[in-house]
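Below are the chains, spelled out letter by letter.
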Amino acid sequence: MSDASKLESSFIYFSEELCGRSDDALRQAYILCLDKKLARDIVEIIFKELAANLASIRREENISRLIVEKTWGVVQKQKNTQGKVDQSELANILKTLPVEARAAVGAIDFLGLSASETCQALGMSDDVLRGHLAVAREKLLQNSIVAK
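Residues numbered from 1 in each chain as written. Predicted model: local features only at pLDDT ≥ 70, side-chain atom pairs only at ≥ 80, totals over all residues. Heavy atoms only, no water.

Asks: Looking at this structure, how should I read the overall build of the chain?
Replies: A count of helices and strands for the chain gives eight helices and zero strands. Classification of the 148 residues of the chain by burial places 41% in the buried group. Here the analysis covers contacts within the chain between residues at least 6 apart in sequence; of these, 71% occur between residues at least 24 apart. (Helix = DSSP H or I, 4+ residues; strand = E, 2+ residues; numbered from the N terminus. Buried < 20%, exposed > 50% of the residue type's maximum accessible area, 1.4 Å probe, protein only. Contact = heavy atoms within 4.5 Å.)

Have a look at this one:
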């Protein structure tokens with residue numbers, strides 16, 4: 001297979017993988033910003049960035065981890081950008097949590113990343129991650145959002 005064919009095959013594979021993960025990306029972005037419109041804007045930014053760099057993504061890379069990493073990066077850059085927080089029951093509970101705790105629980109409990117993948121994507125140590133998960137899960141349990 002020629003280099004051009006390999007590149008085209010890789011491009012098709014990752015563009016399909018990326019499109020297949022659009023709901024995951026939207027959920028992760030929403031968990032972080034708690035605003036549907038802002039979450040869509042974040043997903044658009046990260047998908048454009050990932051699409052522009054498809055050729056550099058290795059086939060064995062975890063697309064969900066890349067989505068969490070890129071979403072976290074955009075949110076960190078836009079820390080002072082706050083949308084209109086939704087008033088749903090879940091949003092009202094999540095907004096009481098630090099954004100780091102929301103990112104951790106979203107990556108692991110909603111997207112299924114491993115602890116090591118989440119640490120790598122969010123740039124935090126295992127101990128810090130476990131602390132954020134404990135805080136988030138306890139708050140969600142108190143409010144009957146997750147099963148006991």
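Asks: Just to check I follow, could you spell out the environment of Ala 115 for this structure?
Replies: Structurally, Ala 115 is set in helix H7 (residues 115-122). Judged by relative accessible area, which is 27%, Ala 115 ranks as partly exposed. Separated by 11 residues in sequence, Ala 115 and Asp 126 have C-alpha atoms that sit 7.2 Å apart. What Ala 115 contacts, discounting residues up to four positions off in sequence, is Ile 108, Asp 126 and Leu 129.

Asks: Please explain the packing of helix H6 (residues 99-110) against helix H8 (residues 126-142) as it appears in this structure.
Replies: Helix packing for two helices is described by the angle between their axes and how far apart those axes are. Contact geometry of H6 with H8 gives a least axis separation of 8 Å together with a crossing angle of 85°. Taken together, the axes of H6 and H8 are roughly perpendicular relative to one another. Of the residues in H8, those touching H6 at Glu 100, Ala 101, Ala 104, Val 105, Ile 108 and Asp 109 are Leu 129, His 132, Leu 133, Ala 136, Arg 137 and Leu 140. A class-by-class count of the residues in the contact of H6 with H8 yields eight nonpolar, one polar and three charged. (Axes fitted to C-alpha atoms, helices over the stretch in contact; angles between N-to-C directions. Parallel < 35°, antiparallel > 145°, perpendicular 65-115°, else oblique. Nonpolar A, V, L, I, M, F, W, Y, C, P; charged D, E, K, R; others polar.)

Asks: What is the right way to read the pattern of salt bridges from this model?
Replies: Pairing is possible between side chains of opposite charge, provided their charged atoms come close. One pass over the full model with this rule turns up seven salt bridges. One salt bridge connects Lys 37 with Asp 41, and the closest N-O pair in it is separated by 3.1 Å. Of the two residues, Lys 37 and Asp 41 both sit in helix H3 (residues 36-52), four residues apart, roughly one turn of that helix. The closest approach of N and O atoms between Glu 49 and Lys 70, which form a salt bridge, is 2.9 Å. Note that Glu 49 is positioned in helix H3 and Lys 70 in helix H4 (residues 63-77), a separation of 21 residues in sequence. (Salt bridge = Lys/Arg side-chain N within 4 Å of Asp/Glu carboxyl O.)

Asks: What's the story with the environment of Ser 116 in this structure? I'm lost.
Replies: Tracing the sequence through the fold places Ser 116 in helix H7. Considered as a pair, Ser 116 and Leu 129 are 13 residues apart in the sequence and their alpha carbons are 9.4 Å apart. A distance of 3.2 Å separates the side chain of Ser 116 from the side chain of Ser 114, its partner in a polar contact. (Polar contact = N/O pair within 3.5 Å; in protein donor to acceptor, adjacent residues only side chain to side chain.)

Asks: I would appreciate a short explanation of the nonpolar core in the present structure.
Replies: When a protein is soluble and globular, its nonpolar side chains tend to lie buried together. By size, the foremost hydrophobic cluster in this structure holds 44 residues, and its most contacted members are Ile 42, Phe 47, Ile 67, Val 68 and Leu 129. Residue assignment for this core shows that the elements contributing at least two residues are helix H2 (22-33), H3, H4, helix H5 (89-94), H6, H7 and H8. (Core = buried A, V, L, I, M, F, W, Y, C linked by side-chain atoms within 4.5 Å.)

Asks: Looking at this structure, how should I read H4?
Replies: An α-helix turns once per 3.6 residues; consequently, residues spaced three or four apart project the same way. Taking 1.5 Å of rise per residue, 15 residues should cover 21 Å, and H4 covers 21 Å from first to last C-alpha, within 8% of that figure. Taken together, the buried positions of H4 are occupied by Ile 63, Ser 64, Arg 65, Leu 66, Ile 67, Val 68, Thr 71, Trp 72, Val 74 and Val 75. (Expected span 1.5 Å × (residues − 1).)

Asks: Before we go on, may I ask you to explain the side chain of Arg 102 in this structure?
Replies: Structurally, Arg 102 can be placed in helix H6. Comment: no salt bridge for buried Arg 102; closest opposite-charge side chain is Glu 100, at 7.8 Å. There is a polar contact of 2.4 Å between the side chain of Arg 102 and the backbone oxygen of Leu 32. Apart from residues lying up to four places away in sequence, Arg 102 is in contact with Ile 31, Leu 32, Cys 33, Leu 34, Leu 94, Lys 95 and Leu 97. (Lys, Arg positive; Asp, Glu negative; His and termini not counted.)

Asks: Looking at this structure, I do not really get the packing of H2 against H6. What am I missing?
Replies: Where H2 meets H6, the axes come as close as 8 Å, and the angle between the chain directions of the two elements is 155°. With respect to H6, the axis of H2 lies roughly antiparallel. For H2 against H6, the interelement crossing comes out right-handed. Along the contact surface, H2 presents Gln 28, Ile 31, Leu 32 and Cys 33, while H6 presents Val 99, Arg 102, Ala 103, Gly 106, Ala 107 and Phe 110. Looking at the contact of H2 with H6 residue by residue, the classes come out as seven nonpolar, two polar and one charged. (Left-handed = near helix turned anticlockwise from the far one by under 90°.)

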